[in-house]
Amino acid sequence: MSAPANAAEPLLRVDNLSKTFPLSRKSLLGERRLLRAVDDVSFSIARGETLGLVGESGCGKTTTGRLVLRLIEPTGGAVLFKGIDVLDRGPAEMRALRREMQIIFQDPFGALNPRMTAGELIIEPLVIHGVGDSVSRERRLRRLLDLVGLTTHHAGRFPHEFSGGQRQRLCIARALSLEPAFLVCDEAVSALDVSVQAQILNLLQDLKRELGLTYLFISHDLGVVRHIAERVAVMYLGQIVEMGPRLAIFEQSGHPYTQALLNSVPSAGKGRRSFFTVKGDVPSAIDPPSGCRFHTRCPIARPICSTTTPPPVALGPGHTAACHFAAPGNASRPQ
Ligand code: SF4
């Protein structure tokens, strides 16, 4: 099953990934309605890289993370991990692949069985996958506790005896138990206090360096993403509207939606001169707006925006924005 490693090849490649959910209620005309949660999404992540995936709640970023891990089945598209077509694998092969692709959830408390001790929770994936014996698992447990900044004293405690930050450390240790190469961090620090957020972000950075990990870091918070991601993809209503290196996104963003998001996070948009703000709610993904999906909220929308879907425009090395008037840092905007 394993494909030969190629250093130049991205660890993860996602091509035209889509997911529609059929709704139980039909339209007035009796047609089955579809919710387009993820629509034609493509990106890649190099080995050892962190890609930040950002957007408002309900934009499809969490669904994208789950599709990549095949926790839910895509409607279309392809996911290649180390060159292996993830969507084409049978149950046994998928089980083996899952050892290399793990997820850290937002709610550490909900993700942990309250009746299991920290030690049992951390080695449970090893037991499920039949990895090692009791001696090697105990050795691995010590190593994992040490890696995430916990001690052997914590191993016998139950999840409710931990603070929020300690619980997230526990979840990270559990996610690392099978020695994965790739982690989806789904709002991994969103439920934590700001000071604890910083500790967990630093821990994730340290682990990445020490273990050579690759992250898809999903967050609604651009301020957090700025601290951890080397590249950033911005999602709106199921589509990626802008993608590029961190500096390009934070200093020279070319899409009005990205600029509006940056303006809502003063620390993230520090030093910028944009005037865009985003108002109102995200439209429904059941019947998304025609043309550019952002046109109902865009402060500079023009007639073409509601009729014609904007293709991605190259703004710099690895930097694209899907806007008819895309320009780095607000240059050449229609008046
Ligand atoms: Fe705004 Fe039009 Fe650009 Fe969409 S294509 S972001 S509506 S200017």
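What counts as what
- Residues numbered from 1 in each chain as written.
- Predicted model: local features only at pLDDT ≥ 70, side-chain atom pairs only at ≥ 80, totals over all residues.
- Heavy atoms only, no water.
- Helix = DSSP H or I, 4+ residues; strand = E, 2+ residues; numbered from the N terminus.
- Rg over C-alpha atoms; globule rule 2.2 N^0.38 Å.
- Buried < 20%, exposed > 50% of the residue type's maximum accessible area, 1.4 Å probe, protein only.
- Areas by Shrake-Rupley, 256 points an atom, 1.4 Å probe, with all protein chains shown as cover.
- Phe/Tyr/Trp six-rings, centres within 6.5 Å; stacked < 30°, edge-to-face > 60°.
- Near = heavy atom within 4 Å.
- Nonpolar A, V, L, I, M, F, W, Y, C, P; charged D, E, K, R; others polar.
- Expected span 1.5 Å × (residues − 1).
- Contact = heavy atoms within 4.5 Å.
- Salt bridge = Lys/Arg side-chain N within 4 Å of Asp/Glu carboxyl O.
- Pairing = 2+ DSSP bridges.
- Axes fitted to C-alpha atoms, helices over the stretch in contact; angles between N-to-C directions.
- Parallel < 35°, antiparallel > 145°, perpendicular 65-115°, else oblique.
- Core = buried A, V, L, I, M, F, W, Y, C linked by side-chain atoms within 4.5 Å.

### What about the overall build of the protein chain?
Item 1. Scanning the protein chain from N- to C-terminus turns up 10 helices and 12 strands.
Item 2. Expected size for 335 residues packed as a compact globule is a radius of gyration near 20 Å; at 21 Å, the protein chain falls within 12% of this value.
Item 3. The burial tally for the protein chain puts 49% of its 335 residues in the buried class.
Item 4. A total of about 15500 Å² of accessible surface is found on the protein chain, and carbon and sulfur atoms cover 52% of it.

### Digging into the packing of aromatic side chains
Item 1. Inspection of every chain in the model, using the stated rule, returns four aromatic pairs.
Item 2. Ring geometry for F81 versus F182: centroids 6.2 Å apart, planes at 45 degrees, classification tilted. Residue F81 is found in strand 4 (residues 76-81), and its partner F182 is found in strand 7 (residues 182-186); the two are separated by 101 residues along the sequence. Neither F81 nor F182 differs from the other in exposure class; each is buried.

### As for the site of the ligand
Item 1. Residues in close proximity to the ligand total 13 residues, the closest being C292, C298, C305, C323 and H324.
Item 2. A breakdown of the residues in the shell around the ligand according to their chemical character gives 10 nonpolar, three polar and no charged.

### Section: unusual backbone geometry
Item 1. For N16, which is not glycine, the phi torsion reads 50 degrees and is therefore positive.
Item 2. Checked against the element boundaries, N16 lands in strand 1 (residues 12-26).
Item 3. For E187, which is not a glycine, the phi torsion comes out positive at approximately 50 degrees.
Item 4. Here E187 is to be found in the loop between strand 7 and helix 6 (194-211).
Item 5. With relative accessibility at 9%, the residue E187 sits in the buried group.

### Examining helix 6
Item 1. A rise of 1.5 Å per residue sets the reference length of helix 6, with its 18 residues, at 26 Å; its end C-alpha atoms lie 25 Å apart and thus fit the reference within 8%.
Item 2. Looking only at helix 6, the buried set comprises V196, Q197, I200, L201, L203, L204, Q205, L207 and K208.
Item 3. Buried positions along helix 6 lie against strand 3 (50-54), strand 6 (101-104), helix 4 (134-147), helix 5 (164-176), strand 8 (214-219) and helix 7 (222-228).
Item 4. Looking at the residues trailing helix 6, positive phi occurs at G212, about 65 degrees.

### Overview of the pattern of salt bridges
As a working rule, side chains carrying opposite charge can pair if their charged atoms are close by.
Item 1. For the structure on display, the rule yields 15 salt bridges.
Item 2. In this structure, the salt-bridge partner of E124 is R174, at a minimum N-O distance of 2.7 Å. Here E124 is found in helix 3 (residues 118-128), whereas its partner R174 is found in helix 5, with 50 residues between them in sequence.
Item 3. Residue classification places E124 among the partly exposed residues on the basis of a relative accessible area of 23%.
Item 4. Accessibility expressed as a relative area gives 22% for R174, which makes it partly exposed.
Item 5. A salt bridge links K208 to E230, with the nearest nitrogen and oxygen atoms 2.6 Å apart. Of the two residues, K208 is situated in helix 6 and E230 in the loop between helix 7 and strand 9 (231-236); the sequence distance between them amounts to 22 residues.

### Some details on the environment of D287
Item 1. Its location among the elements puts D287 in the loop between helix 9 (256-263) and helix 10 (303-307).
Item 2. Note on D287: relative accessible area 65%, which makes it exposed.
Item 3. Along the primary structure D287 and A314 are separated by 27 residues, whereas in three dimensions their C-alpha atoms are 28 Å apart.

### Observations concerning the pairing of strand 10 (residues 239-245)
Item 1. Of all seven residues in strand 10, five are buried, a share of seventy percent or more.
Item 2. Where strand 9 lies against strand 10, six bridges are found, and the strand directions are antiparallel. Along strand 10, the bridge assignment pairs M235 with I240.
Item 3. Taking the residues between adjacent antiparallel strands as the criterion, strand 9 and strand 10 are bridged by two residues, where L237 takes a positive phi near 45 degrees.
Item 4. Here strand 10 runs beside strand 12 (residues 319-322); their pairing, made up of two bridges, is antiparallel. Of the residues in strand 12, the one forming a bridge with E242 is A321.

### What about the packing of helix 3 against helix 5?
Item 1. The N-to-C vectors of helix 3 and helix 5 enclose an angle of 30 degrees; their axes lie 7 Å apart at closest approach. Our classification of the angle between helix 3 and helix 5 gives roughly parallel. Across the interface between the two elements, A118, L121, I122, E124 and P125 of helix 3 pack against L170, A173 and R174 of helix 5.
Item 2. Split into classes, the residues belonging to the contact of helix 3 with helix 5 amount to six nonpolar, no polar and two charged.

### Some thoughts on the nonpolar core
Item 1. Membership of the largest hydrophobic core comes to 56 residues, with the highest contact counts inside it found for I104, I172, L183, L204, L207, F217 and V232.
Item 2. When sequence neighbours within four positions are dropped, the list of residues in contact with I172 reads I104, V148, I200, L203, L204 and L207.
Item 3. L11, V38, I240 and M243 belong to the second-largest nonpolar core, a separate cluster that totals 32 residues.

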